[in-house]
Amino acid sequence: MKLMLDAGHGYGTTGKCTPDGFPEYAFNRKVAMYARKILESYEGIEVYLPHSDCEDVSLSDRTERANTLKMDCYVSIHANAFGDGSEWTSPEGIETYVYVSKPKEAMMLANVVQSKLVKETGRPNRGVKTANFHVLRETKMTAILVECGFMTNKIEGYLLQMDPYQQQCAKAIAEGIASFYQLSERHGTCILN
Ligand SMILES: [Zn+2]
């Protein structure tokens, strides 16, 4: 199967920031990178990262690429923010989005990934929601968008900057995808007779 792992935002449009100045893109790109590494230990999966650290890849470029390359699945990785990101606020927890029409496969994948994320990180479960986001609407394949915690919550804003939390999120996303698509782990040795 072909998977596109989208690190939300980009080099020039970094998304929002924590009130202490950590940009969302810095989190998203790390998680995408770690998740790809884990997923590459499974058989039968090709992982594409549409973002670049050198130039901005627009949302429509990302979704067009996913459609042209005939991806089977599109996962967009984000961190949430409440308000304009200028101050610490109370909203917290993890949520996963599917398109407003609630496509069946996407709903199922979203439920698997959401519960893995909550279990792995121990953060509050805000559930699976629907939204009319570009990447969910314009992709022709199963697509979900994960929000891995609030940059504007003091605890989560701190966690999102930490490598172990980034790895936990990556592990949950990767294992959710692997379990949904029933991928088997690649074997390290090849036996020749
Ligand atoms: Zn975002």
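For the structure itself, look to the data block above.
An account of the accompanying structure is given in this report. Note that this is a predicted model, so its numbers are computed, not measured. (Residues numbered from 1 in each chain as written. Predicted model: local features only at pLDDT ≥ 70, side-chain atom pairs only at ≥ 80, totals over all residues.)

**What about the overall build of the chain?**
Cut-off, in case you're wondering: Helix and strand labels come from DSSP, where a helix needs a run of H or I of at least four residues and a strand needs a run of E of at least two; each type is numbered from the N terminus. Residues with at least 20 neighbouring C-beta atoms inside 10 Å of their own are called buried, those with 12 or fewer are called exposed, and the rest are partly exposed, where every C-beta is derived from the backbone. C-beta atoms are placed from the backbone for every residue, and two residues are taken to be in contact when these atoms lie within 7 Å.
Regarding its fold elements, the chain presents six helices and six strands. The N-to-C order of helical and strand elements in the chain reads β-α-β-α-β-β-α-β-α-β-α-α. Reported as C-alpha extents along the three principal axes, the dimensions of the chain are approximately 65 × 35 × 30 Å. Looking at the chain as a whole, 45% of its 193 residues are labelled buried. Partitioning the contacts of the chain with sequence separation of at least 6, the portion at a separation of at least 24 is 79%.

**Examining the packing of helix α3 (residues 104-121) against helix α6 (residues 163-180)**
This is how it is decided: Between the N-to-C directions of two axes lies an angle of 0 to 180 degrees, each axis being a line fitted to C-alpha atoms and, for a helix, fitted only over the stretch in contact. Should the near helix be turned anticlockwise from the far one by less than a right angle, the crossing is termed left-handed; should it be turned clockwise, right-handed. Under the scheme applied, nonpolar residues are Ala, Val, Leu, Ile, Met, Phe, Trp, Tyr, Cys and Pro; charged residues are Asp, Glu, Lys and Arg; polar residues are all the others, including Gly.
Interhelical geometry of α3 versus α6 gives an angle of 145° and a closest axis separation of 8 Å. For α3 against α6, the interelement crossing comes out right-handed. Side by side, α3 and α6 meet where M108, L109, V112, V113, K116, L117, E120 and T121 of the first sit next to Y165, Q168, C169, K171, A172, I173, E175, G176, S179 and F180 of the second. Split into classes, the residues belonging to the contact of α3 with α6 amount to 10 nonpolar, four polar and four charged.

**Describing the pairing of strand β3 (residues 73-80)**
What counts here: We call two strands paired when DSSP finds no fewer than two bridges between them.
Counting buried positions over the eight residues of β3 gives eight, a clear majority of the element. The alternating pattern of β3 places C73, V75, I77 and A79 on one face and Y74, S76, H78 and N80 on the opposite face, and all of these are buried. Of the pairings in the sheet, the one linking strand β1 (residues 2-6) to β3 comprises four bridges and is parallel in character. Each bridged residue has a counterpart across the sheet, and for L3 the counterpart in β3 is C73. One ladder, built from seven bridges, connects β3 with strand β6 (residues 142-150); its direction is parallel. If you follow Y74 over to β6, its bridge partner there is A143.

**Digging into α3**
For clarity, the cut-off: The span one expects for a helix is its residue count, reduced by one, times 1.5 Å.
Taking 1.5 Å of rise per residue, the 18 residues of α3 would be expected to cover 26 Å, and the 26 Å separating its terminal C-alpha atoms lies within 8% of that figure. Elements in contact with the buried residues of α3: β4 (94-98), β5 (125-130), β6 and α6. Within two residues after α3, G122 carries a phi angle of roughly 75°, on the positive side.

**Looking at the sheet that holds β3**
By definition, the strands of a sheet pair up through backbone hydrogen bonds, in either a parallel or an antiparallel sense. Taken in spatial order, the six strands line up as β2-β1-β3-β6-β4-β5 in an open sheet, and their pairing is mixed. Each end of this open sheet is capped by a strand with a single partner; those strands are β2 (46-48) and β5. The average angle at which neighbouring strand axes cross in this sheet is 20°, direction not considered. Across three bridges, β1 lies against β2 in parallel orientation. Across the sheet, K2 pairs through a bridge with E46, a residue of β2. Strands β1, β2, β3 and β6 of the sheet are contacted by helix α1 (residues 24-39), whose axis makes an angle of about 140° with β3. Across the sheet, α3 is in contact with β4, β5 and β6; its angle to β6 comes to roughly 25°.

**Some details on α1**
Along an α-helix, a turn takes 3.6 residues, which lines up residues three or four apart on a common side. For α1, with 16 residues, the first-to-last C-alpha span of 23 Å sits near the 22 Å given by 1.5 Å per residue. Here α1 has its buried residues at E24, Y25, F27, N28, R29, K30, V31, A32, A35 and L39. Packing partners of the buried residues in α1 comprise β1, β2, β3, β6 and α6.

**Notes on the pairing of β5**
In this sheet, β5 lies alongside β4 in parallel orientation, the contact comprising five bridges. Residue pairing across strands places I94 opposite N125, the latter belonging to β5.

**Quick look at the environment of K2**
When you line up the elements, K2 lands in strand β1. For the pair K2 and D20, spaced 18 residues apart in the sequence, the C-alpha separation amounts to 37 Å.

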